[in-house]
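# Topology and contacts: notes
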Amino acid sequence: MRNWHRFLLASFFMVFSLGLQAEDNRVYRLKLATSWGSTVPILGEAPQELKELVESMSNGRIELRVDDPTKHKAGLAVMDLVKAGQYDIGYTASYYYKGKDMKLIFFTTVPFGLLPVEQHAWFEHGGGKELAQKVYEPHGLIHFQGGNTGMQMGGWFKKEITSVEDLKGLKVRIPGMGGEVMSKLGVLVTSTPLGELYLALEMGQIDGVEWISPKFDMNMGFHKIAKYYYTGWQEPASETQYLFNKKAYDKLPKDLQAILESAMNQVAARVMSKAMYENAQAWEEIKTEYPDIKVSSFPPEVLSAFKAANEEILNEAAEADPLFKEILDSQRAFIGKAREWTKMGDYAYINNTNE
């Protein structure tokens, strides 16, 4: 009888083991919606890099389909597609959805905020990841960093900006918090679609446009029309996001979850290094071919006005939302520490050794 029990027990474990093996060998087909088309430098390439990496690392157990806005027709609504379960993963920028939840801005960037390395340190070690979980959990999403394109330029303008008065009545395409700040100072902020920006600038329908940085901007051709190129203040660290539908994520085996997270981290690191490299290359080309372009910073008076308007917007939102205030206080506390070291380290090195 004892031997019979042993046989039954051994048979059970054999069947259980075979069942696990069969489950582990399943192919999981996932769909990813991205906010950027394949022709957009760097950001358009990242999802395809992720696809190749996860399919290779999983030995084919994950198949990832990537759809860009030409397919899903919702470039600025990718988060909604993932929340609704139409897609498993979204590659996007969380500040696109500030109208739905203002707290989402902190995980892309805020004006006068953290620099890329500072923001990454805050996210990984200063409580940012835990705060992101608090924000995204009610939306049924899991958040992963998707790669930082770095400091964004302040935009291309047809005329020089010498004072706050010069801003009033200008028609400017600038999204996110930067647009809200400029609007407070009398700028007529437009939402001209990306594909229409060049023609709108050329035809005088807009007076200025903020897109990203040299590589991205050169791809759009703004430098051929507007000759005043202003340095940034509105997006000092533009982090993208992979947003995963939690129900879809929880269905995956733990090893495939780990593979996905590792692959997303690798692609995110490539986005940041590639943005640095490509911007340097693009600016060298622009500088050589278009020597009449004038790179300027906004005057101190204008920057002070931007900063005051930004603080007003943030403080108002913090009064209305305790979690918004918690995140804002967390970033402000960290920037107070990190910026001192950034100045002592990077800034001092550049100022003291740059020829």
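No experiment lies behind these values; they were computed from the predicted model shown.

## Comments concerning the nonpolar core
- Within the largest apolar cluster, 100 residues are counted, with the highest numbers of intra-cluster contacts made by L50, F107, L167, Y242, F244 and F306.
- Among the elements that take part in this core, helix α11 (residues 254-289) stands out by supplying 10 residues, more than any other.
- Residues in contact with F306, not counting those within four places in the same chain, are F112, L167, V181, M182, L185, W233 and F298.

## A closer look at the packing of aromatic side chains
- Applying the stated criterion across every chain yields a total of 18 aromatic pairs.
- With 6.2 Å between their ring centres and 25° between their planes, F107 and W122 make a pair best called stacked. Residue F107 is found in the loop between β3 (89-92) and α5 (116-125), and its partner W122 is found in helix α5; the two are separated by 15 residues along the sequence. Across the pair, exposure class does not vary: F107 and W122 are buried alike.

## A look at the packing of helix α2 (residues 46-57) against α11
- Closest axis-to-axis distance for the α2/α11 pair is 9 Å, and the angle between their directions is 145°. α11 is crossed by α2, and the crossing has right-handed handedness. Of α11, the residues touching α2 (which contributes A46, E49, L50, L53, V54 and M57) are I259, L260, S262, A263, M264, Q266, V267, R270, V271 and K274.
- Considered class by class, the residues forming the contact of α2 with α11 number 11 nonpolar, two polar and three charged.

## So, the sheet that holds strand β1 (residues 28-34)
- The strand order across the open sheet formed by five strands is β2-β1-β3-β10-β4, and the pairing between neighbours is mixed. Two strands bound the open sheet, and with one partner strand each, they are β2 (62-67) and β4 (141-148). The average angle at which neighbouring strand axes cross in this sheet is 20°, direction not considered.

## Brief notes about the confidence of the model for the protein chain
- The pLDDT averaged across the protein chain works out to 93; a share of 93% of its residues lies at or above 70.
- The model gives residues 1-22 a pLDDT under 50, and that stretch makes zero contacts with residues more than four places away or in other chains.

## Remarks on the layout of surface pockets
- As a volume, the largest pocket reaches approximately 1500 Å³.
- Lining the largest pocket are 41 residues, with L115, P116, G150, M151 and P236 positioned closest to its centre.
- Those elements that provide at least two residues to the lining of the largest pocket are α5, α11 and α13 (322-353).
- With nine residues, the single largest contributor to the lining of the largest pocket is α11.
- A per-class count over the lining of the largest pocket returns 23 nonpolar, 13 polar and five charged.

So, how was this worked out
- Residues numbered from 1 in each chain as written.
- Predicted model: local features only at pLDDT ≥ 70, side-chain atom pairs only at ≥ 80, totals over all residues.
- Heavy atoms only, no water.
- Core = buried A, V, L, I, M, F, W, Y, C linked by side-chain atoms within 4.5 Å.
- Buried < 20%, exposed > 50% of the residue type's maximum accessible area, 1.4 Å probe, protein only.
- Helix = DSSP H or I, 4+ residues; strand = E, 2+ residues; numbered from the N terminus.
- Contact = heavy atoms within 4.5 Å.
- Phe/Tyr/Trp six-rings, centres within 6.5 Å; stacked < 30°, edge-to-face > 60°.
- Axes fitted to C-alpha atoms, helices over the stretch in contact; angles between N-to-C directions.
- Left-handed = near helix turned anticlockwise from the far one by under 90°.
- Nonpolar A, V, L, I, M, F, W, Y, C, P; charged D, E, K, R; others polar.
- Pairing = 2+ DSSP bridges.
- pLDDT = per-residue confidence, 0-100.
- 1 Å grid on protein atoms, 1.4 Å probe; cavity = no way out; pocket = protein on both sides within 12 Å on 5 of 7 lines; lining within 4 Å.
- Points joined across faces, edges and corners; volume = space filled by probe spheres on them.

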